[in-house]
Amino acid sequence: MDRVSSFDEPLKKLLGGATAKVMAEHLDLHTVGDLLHHYPRRYEERGKLTALADLPLDEHVTVVAQVADARILMFNNGRGKRLEVTLTDGSGRLQLVFFGHGVHKPHKELLPGRQAMFAGKVSVFNRKMQLAHPTYQLLDASDADETTEAVDAFAGRLLPIYPACKQLDSWRIAKAVDAVLPSARDAVDPLPASLREGRGFTPLPEALLKAHRPQTMADVDDARARLKWDEAFVLQVALARRRYADTQLPAVARRPVADGLLDAFDAKLPFTLTEGQEKVSKEIFDDLATAHPMHRLLQGEVGSGKTMVALRAMLTVVDAGGQAAMLAPTEVLAQQHHRSITEMMGELAEGGMLGGSDRGTKVVLLTGSMGMAARRQALLDLVTGEAGIVIGTHALIEDKVQFHDLGLVVVDEQHRFGVEQRDALRSKGKQPPHLLVMTATPIPRTVAMTVFGDLETSVLDQLPAGRSPIASHVVPAKDKPHFLARAWERVREEVENGHQAYVVCPRIGDDAEEAEGKGGKKGKAKKQAADEDPEKRPPLAVLEIADELRKGALAGLSVEVLHGRMHPDEKDDVMRRFAAGDVDVLVATTVIEVGVNVPNATAMVIMDADRFGVSQLHQLRGRVGRGSAPGLCLLVSEAHEASPARARLSAVAATLDGFELSRIDLEQRREGDVLGQAQSGVRSSLRMLTVIDDEEVIAAAREEAVAVVAADPELEHLPELRTVLAALLDKDREEYLDKG
């Protein structure tokens, strides 16, 4: 059999249609290779067979014993159930305990007199040794040979626990793996031999066997080290090839011009740039001056001055005879960028107009909702080159939009754009334009090396002078309702002091699903579930909260709403009035998360804060404290004090360091898909690697990958690596990397 094709074999050939169907639909496993790369999540240590008299505390043991007694006890006023089973093996006694839904099966099976094997970790409760929720296997006491065989197979082995689904238990997945495991010897090894031997890695077929059927934990460590390295290395080779290909593309070098637009702009700045802004600007100017397109990611905290750095890059390109386009994810943000850039540039943004500077250029806005006349004029200004800078939404990508000479594309909040959109804009240059991608979501170094591995990275980590501190507090609305009342008093105080506030909710409200749920059984069931458990109620909604605040805690103040279902004109109108100070409190969804700049807004109350991610909370909080007055962010939650959700909120309240929070966020989502859905709509290739823990592996793999690609860009001498790359980076993900 061909070495590759056994991995490509469809699972239904080996496992039967029903099992293969469940694996395909619920676990996204289709081929033998997919299943061999579906690694155990953890391993149960069963321990050697131990007599009850010799049980060691806090260790995994396996015992063969007889059930002496089994009884169900009630607790918590009859709401809780506990099954207690007493075992004996002639040398001693041991208690087993099962709770909750886990009592039904053992209660039926573990009858007095039955013999079985039990595996679990020994603990002490009420001065008695016990095993809580042990795994067990019933034995046929009449067949001594079978008992011995079963005991040998069961005890002393590491039991792999696979990521499973409701339709397929871990043990059934283990059985399926047994059926395909012989194919592991056909695994194509992607690592160059010198690299494998130099780092002392286990050969790949052996690593797969050790991952699925380890004899010892040392086997598991061996397998993990090898398989993690493969994932990191293959991905980094793909990224290194992408970067190499980019360096081969031609681009027009755009060098700064003395006494041009940039110098005129710098001369009128009322403040000096931070050290970070100077450093990052230099990195960008160096890239722009080369005859290959820049591909740079600019990370910076909310308010760290990224727009200023991007604007100076755009002015450099205009000085050098090119045009610059800035792509924003929403109309509100595009308009805001247009406003703030024209304000910063003053008469320099009025090139060719009365009162404009003779060194100036035109800065135009292009969005989908513009009137026809304004749109026609903007398109004309772009094609003639009259407009040096254009700011817009994805309306910029449409076929009708033509540039005179597009030299730089700046993408704001990159993760909100599909890669196709970025690519379409880049194709509008005569030669590939330079690309600067900006994000205010701090990205840990490892993620930057994987998800954004085809971009060079610059980081702005200082806040400009004059930014105010933001105090953050968790408001436990359920345990301490008076804290919530106090939160609304604080909002009122801020407004009385001449400031404004945001209230953020996870949902708009009044939507179709809820309308359906209001009548009949569905609505009653929802209400009942919400009464029993606050986490089961629907998230709080903008429309409802705004209504409650107008009638109650904030009566008499001007309270308006902002959400994604409003007409663009309506949204702009609300935002304009809020920015002008005519609205006291804005109740909104996360549409305000990015780029809305109202320096007079000092307070933010985030309702159901536990329903947001850590990075998102940090982004939202960055909307306050943008002026000279200090900011206040209140995280309202009904989550239980000991819950992970509350721990997350406490972490956000404890630090303003976005990079620290992004690490916490990643730790909590774990490998929750680094190259997966979020970026490319393709399943993640990372199965063993966890980006947060394996920083050293990723960094070392990147170094090796760069060396391999520099020596052999087409991988002509490494056919196995080429084969694995083709299989791992299926067409969709290869295209994703291509569009970077």
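Since the structure is predicted, the reported quantities are computational estimates derived from the model, not experimental observations. (Residues numbered from 1 in each chain as written. Predicted model: local features only at pLDDT ≥ 70, side-chain atom pairs only at ≥ 80, totals over all residues. Heavy atoms only, no water.)

Visitor: Please set out helix α21 (residues 542–551) residue by residue, giving values where relevant.
Guide: Residues of α21 that are buried: Val542, Ile545, Ala546 and Leu549. End-on, the buried residues of α21 take up no more than an arc of 100°, which puts them together on one face. Across α21 from its buried face, at more than 90 degrees, point the exposed residues Glu548 and Lys551. Close packing links the buried residues of α21 with α18 (481–496), β17 (500–504), β18 (559–562) and β19 (585–588). (Buried < 20%, exposed > 50% of the residue type's maximum accessible area, 1.4 Å probe, protein only. Helix = DSSP H or I, 4+ residues; strand = E, 2+ residues; numbered from the N terminus. Arc of directions from axis to C-beta. Contact = heavy atoms within 4.5 Å.)

Visitor: Help me get a handle on the confidence of the model for the chain, residues and values and all.
Guide: On average, the chain scores 81 in pLDDT, and the residues at 70 or more come to 83%. Looking across the chain, the model is least confident in helix α26 (residues 677–680), with a mean pLDDT of 34, and most confident in β17, with 95. Note on residues 670–684: pLDDT under 50 across the span, and 41 contacts to partners over four residues away in sequence or across chains. (pLDDT = per-residue confidence, 0-100.)

Visitor: Explain the nonpolar core to me, and be specific about the residues and the numbers.
Guide: Core analysis: the largest hydrophobic core is formed by 39 residues, its most contacted members being Met314, Met345, Ile389 and Leu408. Counting residues in each nonpolar core, the second largest holds 32 residues, with Leu158, Val180, Ala187 and Leu208 among its members. (Core = buried A, V, L, I, M, F, W, Y, C linked by side-chain atoms within 4.5 Å.)

Visitor: Could you give an account of the packing of helix α12 (residues 275–288) against helix α13 (residues 306–319), naming the residues involved and the relevant values?
Guide: Taken N-terminus to C-terminus, the directions of α12 and α13 make an angle of 30°; their axes are 10 Å apart at the nearest point. In this structure, α12 meets α13 at a crossing whose hand is right-handed. Where α12 approaches α13, its residues Gln277, Val280, Ser281, Ile284, Phe285 and Leu288 are matched on the opposing element by Met308, Val309, Arg312, Ala313, Thr316 and Val317. Tallied by class, the residues present in the contact of α12 with α13 amount to eight nonpolar, three polar and one charged. (Axes fitted to C-alpha atoms, helices over the stretch in contact; angles between N-to-C directions. Left-handed = near helix turned anticlockwise from the far one by under 90°. Nonpolar A, V, L, I, M, F, W, Y, C, P; charged D, E, K, R; others polar.)

Visitor: Tell me about the packing of aromatic side chains, residues and numbers included.
Guide: Describing an aromatic ring pair means giving the distance of the ring centres and the angle of the ring planes. Counted under the stated rule, the structure contains five aromatic pairs. Between phenylalanine 118 and tyrosine 136, the aromatic rings sit 6.1 Å apart at their centres with planes inclined by 40°, giving tilted as the arrangement. Here phenylalanine 118 is found in strand β5 (residues 115–125), whereas its partner tyrosine 136 is found in strand β7 (residues 135–138), with 18 residues between them in sequence. Residue tyrosine 136 is classed as buried on the basis of its relative accessible area of 18%. On the basis of an interplanar angle of 55° and a centroid distance of 5.1 Å, the ring pair of tyrosine 502 and phenylalanine 578 is categorised as tilted. (Phe/Tyr/Trp six-rings, centres within 6.5 Å; stacked < 30°, edge-to-face > 60°.)

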